[in-house]
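One letter stands for each residue in the lines below.
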Amino acid sequence: MNIIVCVKQIPDPETPSSSFKVDEAAKKVIPAQGIAPVVNPFDPQATEAALRLNEADGGGKVTVISLGAESARDAIKHALAMGADEGVLLNDPSFDGIDNFQTAVALAKAIQKVGEFDLILMGRSAADWDMGVVPSGVGQLLGVPVVSVAKAIEKNGGSVKVERVLDDGFQTVEAPLPAIVSVSNEFGEPRYPQLRQIMLAAKKTVQIWSAADIGLGAEETGAANRWLPLEALYVPKVESNVEIIEGDSPEEKARNLAQKLRAAKLI
Amino acid sequence: MDFEPTEGQRQLRLQARALAARFDDAYWRQCDAGHTFPWDFYQAFAEAGWLGIAIPPEHGGAGLGITEASILLEEVAASGAAMNGATALHLTIFGLNPVVRHGSDDLKRRVLPEAAAGRLHVAFGVTEPTAGSDTPSITTFAHRDGDNFRIRGQKVWTSKAKESSKVLLLARTTPLADSPRRTEGMTLFLANLDPNHVTIREIDKLGRHAVDSNEVFYDDLPVEARDVVGEVGRGFYHLLDGLNPERILIAAEALGTGRAALRKAVAYAKERVVFGRPIGQNQGIQFPLADSYAKLQTVELLIRKAGWLYDNGQPCGAEANMAKYLAAEWGFEAADRALQVHGGFGYAREFDVERYWREVRVMKIAPITQEMILNYLGQHELGLPRSY
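Note that this is a predicted model, so its numbers are computed, not measured.

S.K.: How would you sum up the overall build of chain B? Please name residues and give values.
M.R.: If you tally the helices and strands in chain B, you get eleven helices and ten strands. In summary, chain B has a C-alpha radius of gyration of 21 Å against a globular reference of 21 Å for 388 residues, a match within 12%. Along the three orthogonal principal directions, the C-alpha set of chain B runs to about 80 × 50 × 40 Å. Taken across its 388 residues, chain B has 57% of its residues classed as buried. The contacts of chain B with a sequence gap of at least 6 include a subset with a gap of at least 24, amounting to 73%. Approximately 16300 Å² of chain B is accessible, and the part contributed by carbon and sulfur atoms is 52%. Across chain B, 43 positive and 49 negative side-chain charges occur, with their mean positions spaced 3 Å apart.

Here it is, written out as structure tokens:
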């Protein structure tokens, strides 16, 4: 199959809270000093799914697309080191500050430029904004079915059988190809890139496409044209108070605690 | 002059960091407290082909240089794995250097692919209780037994002997008194650690508890002639080829451990509020950390230079020694400062900096003492008379 995998580079979710800062005036996250961005943790699972599907199918091609800063090339190289074939970085100054819907538009245009595809795989969401809407957006724009939050994917002739994760169990659905599937962490551990493949991937060229290269008009991109205007961005203040519940016996302490919680309408 | 790492080196660093990050401080704390070898960590790196980083491709390795190996080990140490993680890997990386350089084709074929795949563990036996820095004084002796040898003697500080099936062993084949030069008459063997002829006794030590260090007693251990590495009588010289890469890698590990400590200290200094402000706002806390940052950045440059010289076939004795000397000094200093910044909590196991501190301390002693490096620099770089 011709599979396209979309990956994203995000700030390291392990960044200590003391290093996480936002510029409230510019409504932007300030990159943490000395902490390199990482691949969105769900995305290697999408790459893994692509590789496994093509291995089971006896061949195929995996193209990786990322939209982001120059450094997002590393997220693509990670997928190449895992075994993907080609990489494209969508990089343009006008992409700075765009929202998820604009991202979906840009990705859909880039996918159309890549041309033929049987399946598009993405992580279930990006661990920075955690909205999980891009797969549906791209599906809507390309007019292909979308199956979200997959834990298992199997090719079945001209369709894919997908086991989806639900709050209270699993659901198996089938979608005709071409389709989009977003992959969840339940899919299983992605493979470790092999050292030799890391070195081979390092030598591969990642194509860079600008907004103009994918035919994106000025009105379709840029923070000023967001579909979802950002009103405010701030780090919430977390305040905590400690109160010691007194009582002569454990039972009395428990009773006093229960009364407090009831008074505070917590139970 | 180009300070930019290659794209391969950059990607290798990112991937080593990502793989090492799968094993967190809690994992290492547990390995250290339980004195258990980090098998899961070791297997993860073995399966992804990292152990063969410096082994030639024709023998199953990646054929990269000491520069790349130093980046790997720095990242492993910097992940918080410190010496427990680095030592678990580095013995395969630099320990086999004499085999790569001087071993027969037969020996390389038998040993290197297995080592690169992580299936063969090799310990390193050179130091003796009465011959540390003065290697030519070793007394472990390999007697001729027909075409083969039998080795008798005692080694100390043999790391990972309990997990290893083979040992790269230096023994005298000509007594010191009969050798034309002190550095001649020693032979390097890749011997089997046969429990019928070998007794291993673990040394209780300050740190790096996940990887054992041992006294090893050899009682007429039989070794076949085909397991001689290089030439009989030239073992010391074969070993010398591996010493500079070892120093460069050890320096990278001290750098990485220093960086792990500094990272913890900076995070704590930002979070810990005393007298109404984060302690990192005080110059008494901030300046030592800034000073350590500058020193660790500086020693990285020296490590890169030493690695570049080695990989390009140029003499690198002074640079490798200076890199190890400064990385050990400044890596330990960073760990010590990190411990101090944490106050009482620095002394507690759960904050990890005490583990880094214990582990990086050994770099000032091994594989060569700081004092012996100063001797080397005084004598060979400054032209001063030999002081010992």
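S.K.: Tell me about helix H6 (residues 105-116) of chain B, residues and numbers included.
M.R.: Residues and elements named next belong to chain B. Given a rise of 1.5 Å per residue, twelve residues ought to cover 16 Å, and the 16 Å separating the end C-alpha atoms of H6 matches this to within 8%. Within H6, burial applies to Leu 107, Lys 108, Val 111, Leu 112, Ala 115 and Ala 116. Seen from one end, H6 has its buried residues packed into an arc of 120°, which puts them on one side. Residues of H6 that are buried sit in contact with helix H4 (66-94), helix H5 (97-102), strand E5 (186-192) and strand E8 (228-229). Immediately downstream of H6, the backbone of Gly 118 shows phi near 85°, a positive value.

S.K.: Tell me what's going on with the interface of chain B and chain A, and back it up with residues and numbers.
M.R.: Facing the 24 residues of chain B at the interface are 18 residues of chain A. Across the chain B to chain A interface the summed buried area is about 1800 Å²; carbon plus sulfur atoms make up 58%. Of all residues in chain B, Gln 11, Gln 15 and Arg 22 of chain B bury the most surface against chain A, accounting for 28% of the area lost on that side. There are three salt bridges connecting chain B and chain A. The partner of Glu 7 of chain B in a salt bridge is Lys 77 of chain A, and the shortest N-O contact between them spans 3.7 Å. Our count for the chain B to chain A interface comes out at nine residue pairs in polar contact (both at pLDDT 80 or more).

S.K.: Hey, could you go over the nonpolar core for me, with residue numbers and the actual values?
M.R.: Most often, soluble globular proteins have nonpolar side chains that are buried together. Grouped together as the largest cluster of nonpolar side chains are 112 residues, with contacts concentrated most on Leu 121 and Ile 153 of chain A together with Trp 50 of chain B. When residues in this core are grouped by element, the largest group, 14 residues, is from H4 of chain B. Beyond its immediate stretch of four places on either side in the chain, Ile 153 of chain A contacts Ala 49, Leu 53, Leu 121, Val 160, Lys 161, Val 162, Val 181, Val 183 and Phe 187 of chain A. By size, the runner-up hydrophobic cluster in this structure holds 27 residues, among which are Leu 107, Leu 142, Val 144 and Ile 180 of chain A.

S.K.: I'd like a rundown of the sheet that holds strand E13 (residues 207-209) of chain A, residues and numbers included.
M.R.: Residue and element names in this part refer to chain A. Here nine strands make up an open sheet; going across it, the order is E11-E10-E9-E12-E8-E1-E6-E7-E13 and the pairing mixed. With one partner strand each, in any of the chains shown, strand E11 (169-176) and E13 form the two edges of the open sheet. Across the sheet, the axes of successive neighbouring strands diverge by a mean angle of 30°, strand direction being ignored. Judged from the eight bridges that link them, strand E10 (residues 159-166) and E11 form a sheet pairing that is antiparallel.

About the thresholds
Residues numbered from 1 in each chain as written. Chains lettered and ligands numbered in written order. Predicted model: local features only at pLDDT ≥ 70, side-chain atom pairs only at ≥ 80, totals over all residues. Heavy atoms only, no water. Helix = DSSP H or I, 4+ residues; strand = E, 2+ residues; numbered from the N terminus. Rg over C-alpha atoms; globule rule 2.2 N^0.38 Å. Buried < 20%, exposed > 50% of the residue type's maximum accessible area, 1.4 Å probe, protein only. Contact = heavy atoms within 4.5 Å. Areas by Shrake-Rupley, 256 points an atom, 1.4 Å probe, with all protein chains shown as cover. Lys, Arg positive; Asp, Glu negative; His and termini not counted. Charge placed at Lys NZ, Arg CZ, Asp CG, Glu CD. Expected span 1.5 Å × (residues − 1). Arc of directions from axis to C-beta. Buried area = accessible area lost by both parts, 1.4 Å probe. Salt bridge = Lys/Arg side-chain N within 4 Å of Asp/Glu carboxyl O. Polar contact = N/O pair within 3.5 Å; in protein donor to acceptor, adjacent residues only side chain to side chain. Core = buried A, V, L, I, M, F, W, Y, C linked by side-chain atoms within 4.5 Å. Pairing = 2+ DSSP bridges. Axes fitted to C-alpha atoms, helices over the stretch in contact; angles between N-to-C directions.

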